[in-house]
Amino acid sequence: MCPPSQKDNTGTLKAAVGVLGLSTVALLASTIGLAVKENNAAPASPAVPAADTVAAAPSATDFVALKENSIFLDYKDNVCAGAQLAVANKLCADLEVPTPQAGGNVTKGYVGGLDVGTLKPHTDSYFQGDMCPVNVHWHLGTEHYSYGQYDENGKGPHGTADRPEWANRGLAAAGEKVRGGFHCHHYDEKDEKFTKPYDWKYCTNMEVGETYEVHWPHSSVGDCGTVNQYQTPFYDGVFCNLSMEQFVAIAVDPQNIASNVGVHGQVFTVVNDEQYFYPDMMRGMIIDKKRKLGTDIHYYTGSTTGTSRNNEMCSQYAPITWQVDRQCHMISASSFDKLCHDMLLQRDDMKDDLYPHGSRELVMDSLVANNAADADSLAAAADGAAPEEARNGNLRA
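All values derive from a computational prediction rather than experimental measurement. Numbers given to residues run from 1 along each chain, matching the order in which its sequence is written. Per-residue local features are limited, in this predicted model, to residues with pLDDT of at least 70; the limit for side-chain atom pairs, both in listing and counting, is 80 or more; totals at the level of whole chains, interfaces and linings are taken over all residues. The basis for every side-chain value is the complete set of heavy atoms in the structure, and neither hydrogens nor water enter the calculation.

## A closer look at the overall build of the chain
Here is step 1 of the chain: Labels follow the DSSP assignment, with helices taken as runs of H or I lasting at least four residues and strands as runs of E lasting at least two, numbered in each case from the N terminus. Looking only at helices and strands, the chain features seven helices and ten strands.
Here is step 2 of the chain: A simple rule labels every residue: compare its accessible area, found with a 1.4 Å probe on the protein chains alone, to the largest value its type can have, and call it buried under 20%, exposed over 50%, or partly exposed in between. A buried classification covers 44% of the 397 residues belonging to the chain.
Here is step 3 of the chain: Looking at the chain alone, contacts between residues at least 24 apart form 83% of all its contacts between residues at least 6 apart.
Here is step 4 of the chain: Per element, the accessible surface of the chain, about 21,400 Å² overall, is 55% carbon and sulfur. It only takes one pair of heavy atoms within 4.5 Å for two residues to be counted as in contact. Reported accessibility uses the Shrake-Rupley method at a 1.4 Å probe radius. Residues are deemed covered only where the shown protein chains occlude them.

## Details of helix α6 (residues 333–344)
Here is step 1 of the chain: Multiply 1.5 Å by the residue count of a helix minus one, and that product is the helix's expected span. A rise of 1.5 Å per residue sets the reference length of α6, with its twelve residues, at 16 Å; its end C-alpha atoms lie 17 Å apart and thus fit the reference within 8%.
Here is step 2 of the chain: Taken across its twelve residues, α6 has eleven buried, putting it largely inside the fold.
Here is step 3 of the chain: Considered for burial, the residues of α6 that qualify are Ala333, Ser334, Ser335, Phe336, Asp337, Leu339, Cys340, His341, Asp342, Met343 and Leu344.
Here is step 4 of the chain: On its buried face, α6 is in contact with α2 (63–66), β3 (137–140), β6 (211–219), β7 (261–271) and β10 (320–332).

## Remarks on the layout of surface pockets
Here is step 1 of the chain: Both site types are read off a 1 Å grid over the protein atoms alone. A 1.4 Å probe that fits but cannot get out defines a cavity, while an open set with protein on both sides within 12 Å along at least five of seven lines defines a pocket; lining residues have an atom within 4 Å of a point. Grid points are joined across faces, edges and corners, and a volume is the space filled by probe spheres set on the points. If you add up the space inside the second largest pocket, you get close to 560 Å³.
Here is step 2 of the chain: Lining the second largest pocket we find 23 residues, and of these Val97, Thr99, Pro254, Ala318 and Pro319 sit closest to its centre.
Here is step 3 of the chain: It is helix α5 (residues 254–258) that provides the largest number of residues to the lining of the second largest pocket, a total of three residues.
Here is step 4 of the chain: Residue polarity follows a fixed list, in which Ala, Val, Leu, Ile, Met, Phe, Trp, Tyr, Cys and Pro are nonpolar, Asp, Glu, Lys and Arg are charged, and the others, Gly among them, are polar. For the lining of the second largest pocket, the per-class residue count stands at 14 nonpolar, five polar and four charged.

## Some thoughts on the confidence of the model for the chain
Here is step 1 of the chain: How sure the predictor is of each residue is captured by pLDDT, a score from 0 to 100. Residues with a pLDDT of 70 or more make up 79% of the chain, whose mean pLDDT is 86.
Here is step 2 of the chain: Overall, residues 1–46 carries pLDDT values under 50, and its contacts beyond four positions in sequence, including any with other chains, amount to zero contacts.
Here is step 3 of the chain: The model gives residues 390–394 a pLDDT under 50, and that stretch makes 15 contacts with residues more than four places away or in other chains.

Shown next, in the form of structure tokens:
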């Protein structure tokens, strides 16, 4: 019962709700009718493309082609062009003071037989010595030798190099245009990633399954941090800001050279497998502690390499520091092709380094410096411990 002061409005409320409900239903019906009418009046939808119709892929920008008209990449502005200092090869026997040569044996425990006195390789990172990479190139097979990693027991599409004659090894077969070196042990002809061809777009004369030794020459007198940093030939980069007079003056102390010029060396077997893709091989040795890349380094002083030198004809571009990764790694063919693409985008013309160069024969013990070092020997020296006994001449350390 309602209080005497209030009226009973229940009937009025029910009537209002009923009217509202009828209005809502009418509005909904009108909306549906209008939608049906517009749908019938609308033009037919476009036909769905046939299943075999493929949309054209957007065209990729050809960055290499853009180089030709770039004001930043004009070759005429290359201040390092022609900077190479002419230092001819010389018969090793005619050298008054024998210069240590490369590439040598980098097997753990190996030490060369050439006494170089107090001369030491640069064992810090190169950037800590104000050195920058001035070039990148690679060799077919390896010039260095690391037993169990890249040696005469390695495998590849065309085999590997034998041991040298002075250590039971012969030269490559007669008639080969490019002399190949040692190979890694990864290659498996039954595994498609070592045999499936890759469509090379920028590198030339490359092959999946092959072993290549990559070199990154570094210099403290390169045009570091500028558009002129990378050069072909690499000598132009190494000597970019150094005159012959300055070179002669600093070369009085060979340590000046070993502390200001160095090379990273790292060995790869190329695979057609994108899980091994690495996008930036321009900057130097790949260092990845988790995957053990660039962590087992052999330091020593040597020379420039290449097939114009052997155990009778020595390079006089010495002594320079070598930091060589003893391990062999797999890397995708696309990683190399990306590297070649990046090389083509430099101000200097690097086309002469887009293919593998020949490998120098392994340097004999008497021409390899006796100053080899690695992380273990450096740690022992820091602790004042006596170094391990050198294993001169033993390829199988």
